[in-house]
Each structure stands twice: as C-alpha cells, then as structure tokens.
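Structure at a glance
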Amino acid sequence: MTTRSKPDVPRFYLTTAIDYANGDPHLGHALEKIGADVIARYRRQCGDDVHLLIGMDEHGQKVQQTAAKDGVAPQAFTDEIAARFQAIWAKLGISYDQFIRTTEPHHKAGVQALIRMIAERNPDDFYERSYTGMYCVGCEAFKQDADIVEGKCVLHATRTLEEVEERNWFFRLSKYQGFLQHLLATNPSFIEPESRRNEILGLLAQGLDDISASRARLDWAVPFPLVLSNGETQGTYVWFDALPNYLTATGFPEPGYENRWPADLHIIGKDITRFHVVIWPAMLEAAGLPLPKQVWAHGFVQLGGERFSKSAGVKLDLGEAIDRYGADAFRYVLLREVPFDSDGNFSWERFEERYTSDLANAFGNLASRAIAMVEKYFDGVVPTALRPEAELDDDTDVAAYHAGMNGSRGWLLHEGLAAVSRMTARANEYTAATTPWAVAKDPARAAELEQILASLIRRIARQTVLLAPFMPTKVEAVWAQLGAPGTAGAQRIDALAELEPAGWRVQKGEGVFPRPAPAATT
RNA sequence: GGUCCGGUAGCUUAGUCGGUUAAAGCGCUCGACUCAUAAUCGAAGGAUCGUGGGUUCAAGUCCCACCCGGACCA
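Residues numbered from 1 in each chain as written. Chains lettered and ligands numbered in written order. Predicted model: local features only at pLDDT ≥ 70, side-chain atom pairs only at ≥ 80, totals over all residues. Heavy atoms only, no water.

Let's talk about the pairing of strand S14 (residues 265–269)
Quick note on the threshold: Note on exposure labels: buried denotes an accessible area under 20% of the residue type's maximum, exposed denotes more than 50%, and partly exposed covers the range between, all computed with a 1.4 Å probe on protein chains only. Strands are runs of DSSP state E lasting at least 2 residues, helices are runs of H or I lasting at least 4, and numbering of each runs from the N terminus. Following DSSP output, two strands are said to pair if at least two bridges run between them. With the strands pointing away from the viewer, any crossover whose connection runs clockwise from the first strand over the helix to the second is right-handed.
The element S14 is largely enclosed, with a buried count of 5 among its 5 residues. In S14, alternate side chains face the same way, and those of Leu265, Ile267 and Gly269 on one face and His266 and Ile268 on the other are all buried. The sheet contact formed by strand S1 (residues 11–16) and S14 spans 3 bridges and is parallel. Within S14, the position partnered with threonine 16 by the bridge is isoleucine 267. Where S14 and strand S15 (residues 295–298) come together, 4 bridges link them in parallel fashion. Bridge pairing in S15 links isoleucine 268 to alanine 297. Handedness of the β-α-β unit built from S14, helix H9 (residues 273–287) and S15 comes out right-handed.

So, in structure tokens, the structure goes:
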C-alpha cells in the first residue's frame with residue numbers, strides 16, 4: 001500500500017462523462033455535472049475523501065474540421081471551448097477536483113500505455129482488418145444502407161459520404177462477451193438503473209462485434225502505439241482515447257495511480273451506457289486492471305416538452321437560466337424537476353413555479369418567520385428547550401433523504417429533495433398548529449413558546465444542512481441568519497441529531513430566496 | 001427494422017407480491033390566521049390510469065396487438 005493524503009478516510013472517486021469539444025455547454029451537460037457535484041458534496045459532508053473528475057474530449061475529425069473552418073489550430077480551438085466549459089462550471093458552483101483534457105500530454109501517454117498493456121497481456125486482442133464502406137465525417141463512422149438517403153448520411157445531410165477502404169486495428173471485443181455477462185450476473189449493480197442494465201443484457205445476448213480501435217485520416221488524435229503491417233501509424237479511435245480518461249486522470253501508468261483507481265462511480269448519460277458497460281470493462285479486463293465499481297446512467301432533460309436539440313432551435317441559454325435566480329436556485333429546480341434515473345422536463349414556467357413555491361414561499365418564508373419571532377420574543381437568542389415529540393416525524397424523511405442520496409437504491413437525488421420539502425412543509429404546519437404568536441401573548445406559556453421556537457430553528461438548521469449539497473451558496477446565507485457556528489457545508493450531514501441551536505444569536509437579513517416580482521413571469 | 005424504457009387528475013409524479021371509494025405536490029376555488037417574503041394553515045373540486053382485446057372471483061398493476069414519446073443498435 002502506498003501512502004495517501006487521508007489514510008483513514010473512505011475515499012470516493014467519481015467521474016462525469018468528458019464533454020465533446022465541438023460546441024457550447026448546454027442543459028444536458030449541466031444536469032450531469034450538477035448531479036455529480038451534489039453527490040460529491042454530499043459525500044464530503046459524510047466525511048469521505050472525495051475526488052470529482054470532469055473534463056473534455058478534445059480529439060477527433062469533427063473538432064479538427066470545425067477548427068479549420070474557423071481558421072484556428074485545433075489546440076487553440078479546444079483551449080477556447082474548454083475555457084467556456086470551465087467558466088460555466090465555475091458559475092454553477094461545480095466543485096470538481098480535477099479537470100482533464102484528452103489533449104494533455106499525460107493523457108495521451110496514458111492511452112498509449114494502456115493499449116500497449118493490452119497488447120502485451122493479450123497479444124491477440126488487437127488485430128488488423130480492412131474494411132470498406134460509406135464513411136460519414138459528421139458521425140465519424142461508417143454508415144449502413146438504412147442510414148443513407150440519396151448518398152448522404154441521414155444525420156448529416158450537408159456532408160457528402162465517402163466510399164472508403166481502410167485497414168485498421170481492431171479490438172477483439174467479442175472475446176469478452178462471457179466475461180461481461182458474468183460480470184452483470186454476479187454484480188448487477190455494476191450498471192444502474194435497472195432499465196439500462198436490461199438494455200445491456202439484451203445487447204450482450206445478441207452477441208458482440210469487434211470494434212475498430214484505430215482510424216486512418218485521423219490526424220487530430222493520440223497516435224495509436226501499434227504500427228500496421230503496411231508501416232502506417234493511425235490515430236486512436238474515439239473510445240480508446242476517451243474512456244481511459246478516468247484512468248489516466250489518476251496518474252496512470254505512473255506509480256501511485258492505484259491510490260485512486262478504480263473509480264467508485266462513473267456518472268454518464270444514458271446514450272453512452274454501452275461504451276461504459278461493455279467496451280470500457282472489456283478494455284480494463286484485457287489490460288488486467290480493476291473495473292470501476294459502478295456506472296450510473298442518468299436520463300435526459302427535455303425543454304418545454306420538446307427534445308433538446310441545437311438544430312431544431314430548442315435550447316436554453318444556460319447563462320440566462322443561472323442569472324434568473326442564481327446558480328443555486330437553478331441547481332435546485334433542475335434536480336427537483338428531473339428525476340436523476342430517467343428523463344424529465346424543464347421549462348421556464350416550471351422554473352418559476354418551483355422556485356416560488358418551494359424556495360421562496362415554503363423554505364425561505366419559514367426561515368424568515370421563525371427568525372423574526374426569535375428576534376421579537378427572545379431578543380434574537382435561540383432558547384434552550386426540550387424537543388417536542390412532533391419533531392420525531394422528521395426522522396422518516398431524513399432517512400428517505402439519505403436513501404436517495406447515498407446510492408443504496410440508486411442515485412435518486414430528486415427523492416432527496418422531495419424529502420426535505422416534506423420536512424419544510426411539516427415545519428410550516430407545526431407553526432400554524434402551535435401558533436407561537438398567540439402563545440407569546442400569555443406570559444404563563446413562556447416555556448411552551450421557548451419549545452416551539454427552539455424546535456423551529458432546529459428544524460430549519462437541519463434542512464439547511466440537508467440542502468447544502470444542492471445550494472452551496474444560498475445555504476450559507478441562511479446559516480448566517482440562524483447565527484449558527486461555522487458553515488452549513490462543513491456540517492456532518494449524517495449527524496444531524498447533534499445539531500443544537502440553543503444560544504445561537506439569529507439575525508434576520510434580506511430574504512435569501514426573494515419572491516419574484518409579479519412581472520417576471522414569462 | 002430490432003432491443004429497452006416511458007405514456008396515471010390542467011402540470012409534474014407515486015402507485016411494492018394484481019385485492020376495499022387510484023395517492024401526493026403545484027396550479028385553480030372557498031375558508032382560517034396574521035409571526036412571516038400578499039407568505040402560511042385547512043377544505044373542496046379535478047383521472048373512462050395511451051387504445052383495443054385477453055387471463056382472473058378481482059388489473060393502473062399480468063399477457064397480446066396497436067398508437068405516441070425517448071434512448072440505443074442495425
């Protein structure tokens with residue numbers, strides 16, 4: 001065992017899909033990164049040593065062509081795209097620990113090392129094969145007849161298909177079919193949710209074809225380390241370049257990478273499940289490396305009921321969405337509205353409704369009214385009092401929150417938020433039922449009043465901690481108004497019972513979630 | 001064309017092994033309250049559970065076909 005920074009702390013290495021450097025970040029990218037960030041923050045608040053990886057996939061013919069069209073070098077082109085992605089992640093508060101780019105020298109060396117490792121361990125796994133077909137530059141793939149209309153690819157009608165014969169390195173994926181079937185049979189949670197696992201099982205049952213690992217005419221790529229028999233050196237094909245980023249990010253093949261690898265969780269979109277659950281484990285197995293513990297495929301966001309797409313003009317300006325009520329509100333609404341295990345919808349209308357009802361009216365106003373009463377009746381100092389029994393009702397929801405957040409039943413972040421919402425509603429009901437403003441009028445009921453307000457502040461403090469992974473900035477404003485020590489984000493999220501607000505000096509300030517102006521409705 | 005997933009009140013969803021009047025939130029309507037961000041609390045209304053068959057004493061919940069949406073593969 002080599003040393004690591006925090007030897008006695010459970011580590012948690014999670015990754016997101018690297019994004020293709022051929023356009024701007026959009027809502028779909030944001031959903032994945034926000035979800036991953038929430039999980040990362042949650043685990044940090046559970047005390048884990050978390051490493052969140054995010055990055056860019058920067059090679060490929062399409063990038064090269066787009067750059068050429070813009071009259072810039074590919075590296076300069078991807079530098080700018082990467083900067084734009086990073087700017088958005090910063091704006092969204094994504095707490096990534098590492099940002100990998102596949103054009104980094106270390107990544108390129110790592111990809112080559114992995115390929116060589118496979119070739120040494122399993123000399124038959126890479127072989128040469130020639131192939132003839134219609135090649136679409138847009139797809140960077142050969143197309144079948146069904147996808148060709150009038151000599152053009154149906155997905156890229158503006159580009160001309162080329163008939164191409166080429167000799168490539170192939171990877172013997174078919175050899176790993178049994179291995180993969182065994183993997184999913186013995187370790188079903190390797191891919192979740194279940195619907196995605198079924199998809200892969202169906203795919204495996206149909207049988208696997210070998211896949212191409214290198215491509216001709218692929219200049220903007222990692223040079224494939226094996227030379228073809230005709231002396232040609234080709235570029236490494238996309239998946240052999242992109243997938244290993246999770247591994248090369250740990251320092252592979254340099255010593256010490258085992259401290260991080262294998263990853264605990266790959267978070268990806270449902271469209272690339274196949275690559276992460278079939279090709280990637282097969283590559284690792286071929287190289288004799290450990291497999292990641294789990295792949296989680298989230299769904300897609302639709303926009304206003306329509307499929308998100310650049311070409312159809314159905315898109316949402318991320319910057320505008322963030323500026324509306326701030327990054328935190330956007331993070332909250334997105335994860336509340338879109339189930340993290342399936343598809344969901346996002347619209348400005350829902351955004352307004354969610355923000356107003358959940359954050360401004362329910363949670364924001366709850367904090368506001370409780371803090372105001374502590375100021376008014378107790379000069380701002382939270383009284384000491386025994387917990388009312390009614391507070392125990394929250395325990396079920398706290399448990400439901402953790403169940404949604406810790407992956408035990410899948411990564412159901414929306415259920416975590418729903419649980420907090422129920423706690424907020426319960427606190428408002430409690431306030432209405434106990435009527436502290438009426439109790440305050442009777443000096444004989446002082447003890448009762450103390451209990452009510454201590455309970456309310458304690459509940460709000462708990463909810464604030466539970467919300468911290470979702471709204472890292474806003475919760476600190478609430479935390480400060482509660483007069484709580486330290487920061488909400490530093491609180492152990494799995495030790496809420498220890499939160500005791502007696503003696504805190506509250507201070508009411510500006511509403512943390514101001515109600516939108518009536519005219520703001522779109 | 002094949003595989004997989006989804007189609008439940010205006011909207012978003014929950015409905016575990018099939019079993020009493022199909023549940024919740026938001027929105028809408030009415031009532032209450034006044035500590036609070038015209039917020040909150042309570043109540044009411046609102047669903048032929050995509051369509052058509054079938055199995056069953058009993059189906060949103062199982063089977064078949066079809067329609068619609070999505071993803072992947074070809």
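Having seen it, we continue.
A few points about the domain arrangement of chain A
Heads up, the condition is: Where each domain starts and ends comes from a domain assignment, either automatic or drawn from a database. Any two residues having at least one pair of non-hydrogen atoms within 4.5 Å are treated as being in contact. Once two parts are brought into contact, the accessible area they lose, counted with a 1.4 Å probe and summed over both, makes up the buried area.
Structurally, chain A comprises domain 1 (11–299) and domain 2 (332–520). Of note, the centres of domain 1 and domain 2, computed from C-alpha atoms alone, are 41 Å apart. Counting residues at the interface gives 23 residues for domain 1 and 27 residues for domain 2. Of the roughly 2100 Å² buried at the junction of domain 1 and domain 2 (both faces included), carbon and sulfur atoms supply 68%.

What about helix H10 (residues 318–325)?
For clarity, the threshold we go by: In this description, one arc is meant: the one made by directions from the helix axis to the C-beta atoms. Here a polar contact is recorded for every N or O atom pair within 3.5 Å, except that within protein the pair must consist of a potential hydrogen donor and a potential acceptor, and residues adjacent in sequence are included only if both atoms are side-chain atoms.
Among all positions in H10, only Leu318, Gly319, Ala321, Ile322 and Tyr325 are buried. Seen along its axis, H10 keeps its buried residues to an arc of 165°; they face one direction. Where H10 is buried, its residues meet helix H1 (27–45), helix H3 (74–92), helix H11 (327–337), helix H12 (348–378) and helix H17 (474–482). For H10, the side-chain oxygen to backbone nitrogen distance between the N-cap and glycine 319 is 2.9 Å, and the N-cap itself is aspartate 317.

Looking at the pattern of salt bridges
Using the following cut-off: Here, a salt bridge means any Lys or Arg side-chain nitrogen found within 4 Å of an Asp or Glu carboxyl oxygen.
Inspection of the entire model under this criterion finds 35 salt bridges. Between glutamate 352 and arginine 324 there is a salt bridge, with the nearest N and O atoms lying 2.6 Å from each other. One end of the pair, glutamate 352, is in helix H12; the other, arginine 324, is in helix H10, and 28 residues separate them in sequence. A residue is classified by how much of its surface remains accessible, and arginine 324, at 23% relative accessible area, is partly exposed. Linking glutamate 500 and arginine 387 is a salt bridge whose minimum nitrogen-to-oxygen distance equals 4.0 Å. Of the two residues, glutamate 500 sits in the segment after H17 while arginine 387 sits in the loop between H12 and helix H13 (394–405), which places them 113 residues apart along the sequence. Judged by its relative accessible area of 38%, arginine 387 is partly exposed. Among the charged side chains, a network of salt bridges with common partners joins Arg336, Glu337, Arg350, Glu353, Arg354 and Asp358.

Quick look at the packing of aromatic side chains
Filter applied, for reference: Two rings from Phe, Tyr or Trp (for Trp, the six-membered ring) form a pair when their centres sit within 6.5 Å of each other. Planes less than 30 degrees apart are called stacked, planes more than 60 degrees apart edge-to-face, and all others tilted. Distance and angle both matter: a charge sits over a ring if NZ of Lys or CZ of Arg is within 6 Å of the ring centre and within 35 degrees of the ring normal.
If you walk through the whole model with that rule in mind, you get 26 aromatic pairs. Geometrically, the ring pair formed by phenylalanine 126 and phenylalanine 224 is edge-to-face, given 5.6 Å between the ring centres and 85° between the ring planes. Of this pair, phenylalanine 126 sits in strand S5 (residues 126–136) while phenylalanine 224 sits in the loop between strand S12 (214–215) and strand S13 (235–236), and the two are 98 residues apart along the sequence. Exposure remark for phenylalanine 126: the relative accessible area of 6% places this residue in the buried category. Seen from their ring centres, tyrosine 176 and phenylalanine 179 are 6.5 Å apart, and the 85° between their planes marks the pair as edge-to-face. Above the plane of the ring of tyrosine 237 lies arginine 215, whose end atom (NZ or CZ) is 4.1 Å from the centre.

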